[in-house]
Amino acid sequence: MRYLLALLLLSSTALSQSVTQTQTLVTIGKVWGFLKYYHPQLATGKVDWDGQLIQLIDESPAIHSKADLSARILNWIDKLGPVEPCSRCSLPDSTCFSQNLDLSWLADSALFSPALRQRLTFIAANPNQHPNHYVRWDPFRNRLAFSEAKYATMALPSVSYRLLGLFRYWNIIEYFHPTKYAMAQPWHQVLTQFVPRFQQATDTLSYQHVLQQLISAIHDGHAELVIPPAYRLPWTKPFLFPPFDYRLLNDSLLVTGYLNDSLSRLDDIRRGDRLIRIGDSLVTELIDQRAPNYSGSNRSALIRQILPVLLTGSQPVVQIDLIRDGQRLRKTVHRYRFERFGYRPPLSVHAKTIPSTIGYIDLGTLQVSEVKQVMEQYRNRQGIIFDVRSYPKGTFQRICDYLNPVPKGFALYTKPDLSSPGLFRWSEVQYVGRNNADYYRGKVAILCDSRTQSAAESTCMALRTAPQAKIIGTQSAGANGDVSHVVFPGGYQTRFSGRGVYTLNGQLILGPGVPIDIDATPSAADYLLGADRTLQAAIDWIGQ
């Protein structure tokens, strides 16, 4: 009895404690999204749920304690009407993927009153089982479709509508992103971080910046911010480039060539120099500073996007520190408009380097109608190299008909379970190939790097089913799975990977990328000689 009284006293004391405005808004946003996808009355779309959120956000400064917050939310729920027990609802079974689902916060005794906890957990146990106005599965495009108001005339939405956009997006990722469980930063922390940022985004440019930073926080290479043309602000500062080319090598930038050799000589920049500091920042620090403005599923994908503009800026000069012949030097580098260089990229040399015993196919150019001809052409070659370092044209199903003696499984997918938002269901194994006694018996080398993204990654996985196949190269982009689209107030749009993609043994692709069988990370010598280390590794393996 004394123990029970002590618990009641502790609960009462916790609820009497004050609550910050950020805590209040975070809680309102989470409960609003939970009810949006779980409460049967809201699923009908007949309640102006956006409008009710705006009203509660506007009233939130008057909420000073956790008890007051619980009372406001409980009153909010009561107005929606009762929830009937769900006779069709069942516990997750073996077809469920449940790592994404975490509703434990609904029973937080340090934040919610007993009555509110009981109400929230009851709704969670008896979720809506009818179509939901706000989200549906599009079977033709194999993705989620969300029904949301655009508020398209708001170039800069008011603070309440900015928070509405934040809560909308956060809850969509919370319940429908297939690999939320694998994000480096717990998703609930992101909401707490971004509430004040959205409040402080008081001009159009800062609003656009905070949207991009939020989108980047999901670490999904499919994510990007699409700004309505009417709200695209002109870039008034010059965009200037150094006169040399470079590659990232460990923690430094290796100068590999010149965009303009005369201008590079003026600054005494030489091939083989290794830049270690730009301005006041180390190379890795500069990458980290720019990372929140880009979307990438892994470090390799981020660097692919950041590297071309890492040394750009609006100032015509920048100080750099470099290593040359073991000595550290400081140089002043001038930057120019790119068109001044008169630069022309070198032509590909693949045809000159590949032995006649090996076939080479660039899947970025191969059409479905050309598969039969090229596979017949290479049927007696010792090996075939499939270059998947550019986006393919939907050819892997047809190619795999020639590579396998029997149908082979290559991937598993997860699909959102809309009857229990946050749960996903495993698909059946995805197969490629056919019964073919005359299949190709040579080696199959699949080239991969950070440019290998989305359908290209599925292509790698499918081709890897061939009896003698290896994926060769470096980490792929890790952005696979059909995309779903989200709209923010102001008509700003983004997207995310809507289905989880896994190998047959359960290895996640979204984020880590496809499994690499033979690593082919380029060396400094490779970069300086212009050698294609991945291609050469494939040639060497086939020749073994």
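In this text, all values refer to a predicted model and were calculated from it rather than measured experimentally.

(A) Main features of the overall build of the chain. Looking only at helices and strands, the chain features 18 helices and 20 strands. Overall, the chain is about 80 × 65 × 50 Å in size when its C-alpha atoms are taken along their principal axes. Within the chain, counting contacts between residues at least 6 apart in sequence, those at least 24 apart form 74% of the total. Taking the 56 positively charged and 44 negatively charged side chains of the chain as two groups, their mean positions are separated by 2 Å.

(B) Structural context of the state of the cysteines. Applying the stated criterion to the full structure yields one disulfide. Through a disulfide, Cys86 is tied to Cys89; the S-S separation comes to 2.0 Å. Classification of the bridge connecting Cys86 and Cys89 rests on its S-S torsion, roughly 90 degrees, and on that basis the disulfide is right-handed. Given a relative accessible area of 17%, Cys86 falls into the buried group. The cysteine Cys400 is free of any disulfide, with Cys460 supplying the nearest cysteine sulfur at 11 Å. Of all cysteine sulfurs, the one in Cys448 lies closest to Cys460, which takes part in no disulfide; the gap is 4.7 Å.

(C) Looking closely at a nonpolar patch on the surface. A cluster of nonpolar side chains, Val429, Tyr431 and Leu504, forms an exposed patch at the surface whose accessible area comes to about 280 Å². For Tyr431, the position within the fold is in strand β14 (residues 430–432).

(D) The sheet that holds strand β11 (residues 383–387), seen in detail. In space, the five strands of this open sheet follow the order β10-β11-β15-β16-β20, with parallel pairing throughout. With one partner strand each, in any of the chains shown, β10 (358–362) and β20 (518–519) form the two edges of the open sheet. As judged from the five bridges shared by strand β15 (residues 443–448) and strand β16 (residues 469–473), these two strands associate in the parallel manner. Paired with Cys448 across the bridge in β16 is Gly473. Taken strand by strand, helix α18 (residues 533–543) contacts β10, β11, β15, β16 and β20, and its axis lies near 165 degrees from that of β15.

(E) Summary view of the pattern of salt bridges. In total, this model carries 26 salt bridges according to the counting rule given. Notably, a salt bridge pairs Asp78 with Arg119, separated by 2.2 Å at the nearest N-O pair. Note that Asp78 is positioned in helix α5 (residues 66–78) and Arg119 in helix α6 (residues 114–125), a separation of 41 residues in sequence. Of the residues examined, Asp78 reaches a relative accessible area of 41% and is grouped as partly exposed. Note that Asp273 is salt-bridged to Arg324, the shortest N-O span being 2.8 Å. Of this pair, Asp273 sits in the loop between α10 (261–266) and β6 (274–278) while Arg324 sits in strand β8 (residues 317–324), and the two are 51 residues apart along the sequence. Like Asp273, the residue Arg324 is buried in the burial classification.

(F) Region of interest: the pairing of β15. The element β15 is extensively covered by neighbouring structure, given that six of its six residues are classed as buried. In β15, alternate side chains face the same way, and those of Lys443, Ala445 and Leu447 on one face and Val444, Ile446 and Cys448 on the other are all buried. As paired elements, β11 and β15 share five bridges and run parallel to each other. From the neighbouring strand, Asp387 faces β15, where its bridge partner is Leu447. Handedness of the crossover is the feature at issue here: the chain leaves β15, passes through helix α16 (residues 455–463), returns alongside β16, and the resulting connection is right-handed.

(G) Spatial organisation of unusual backbone geometry. Phi angles above zero are rare outside glycine, and Asn250 is one such case at about 55 degrees. By the secondary structure assignment, Asn250 is in the loop between β4 (244–249) and β5 (252–258).

(H) Quick look at the packing of aromatic side chains. Applying the stated criterion across every chain, the model contains 26 aromatic pairs. Between Phe194 and Phe198 the ring centres are 6.4 Å apart and the planes differ by 65 degrees, which places this aromatic pair in the edge-to-face class. You can see Phe194 and its partner Phe198 sitting in helix α8 (residues 187–200), four residues apart, about one turn around the helix. For the pair formed by Phe194 and Phe198, the shared burial category is buried. Pairing Phe241 with Phe338 gives two aromatic rings, centres 5.3 Å apart and planes at 75 degrees, and the pair type is edge-to-face. Residue Phe241 is located in the loop between α9 (204–216) and β4, and its partner Phe338 is located in the loop between β9 (327–334) and α13 (350–353); the two are separated by 97 residues in the primary sequence. Judged by relative accessible area, Phe338 falls into the partly exposed class, the value being 34%. Here a set of aromatic residues connected by ring pairs shows up, and it is made of Phe34, Tyr37, Tyr38, Trp105, Phe112, Phe146, Tyr175, Phe176 and Phe496. Seen from the ring of Trp105, Lys30 lies directly overhead, with NZ or CZ sitting 4.6 Å from the centre. For Arg197, the ring lying beneath its charged end belongs to Phe194, and the centroid distance is 4.5 Å.

(I) Representation of the pairing of strand β2 (residues 135–138) within the structure. Note that β2 and strand β3 (residues 143–146) share four bridges and pair antiparallel. Note that in β3 the partner of Val135 across the bridge is Phe146. Hairpin geometry of β2 and β3 is characterised by an intervening segment of four residues between the two adjacent antiparallel strands and by a positive phi of about 55 degrees at Asn142.

(J) Quick look at the side chain of Gln453. Relative to the assigned elements, Gln453 resides in the loop between β15 and α16. Here the side chain of Gln453 touches Gly221 through a polar contact of 3.5 Å, landing on its backbone oxygen. Residue contacts for Gln453: discarding those within four places in its chain leaves Gly221, His222, Arg304, Tyr391, Ala477 and Ala479.

Rules and cut-offs
Residues numbered from 1 in each chain as written. Predicted model: local features only at pLDDT ≥ 70, side-chain atom pairs only at ≥ 80, totals over all residues. Heavy atoms only, no water. Helix = DSSP H or I, 4+ residues; strand = E, 2+ residues; numbered from the N terminus. Contact = heavy atoms within 4.5 Å. Lys, Arg positive; Asp, Glu negative; His and termini not counted. Charge placed at Lys NZ, Arg CZ, Asp CG, Glu CD. Disulfide = S-S within 2.5 Å. Buried < 20%, exposed > 50% of the residue type's maximum accessible area, 1.4 Å probe, protein only. Patch = residues over 30% accessible without salt bridge, like charges linked within 9 Å, V, L, I, M, F, W, Y side chains within 5 Å. Areas by Shrake-Rupley, 256 points an atom, 1.4 Å probe, with all protein chains shown as cover. Salt bridge = Lys/Arg side-chain N within 4 Å of Asp/Glu carboxyl O. Pairing = 2+ DSSP bridges. Axes fitted to C-alpha atoms, helices over the stretch in contact; angles between N-to-C directions. Right-handed = clockwise from strand over helix to strand, strands pointing away. Phe/Tyr/Trp six-rings, centres within 6.5 Å; stacked < 30°, edge-to-face > 60°. Lys NZ or Arg CZ within 6 Å of the ring centre and 35° of its normal. Polar contact = N/O pair within 3.5 Å; in protein donor to acceptor, adjacent residues only side chain to side chain.

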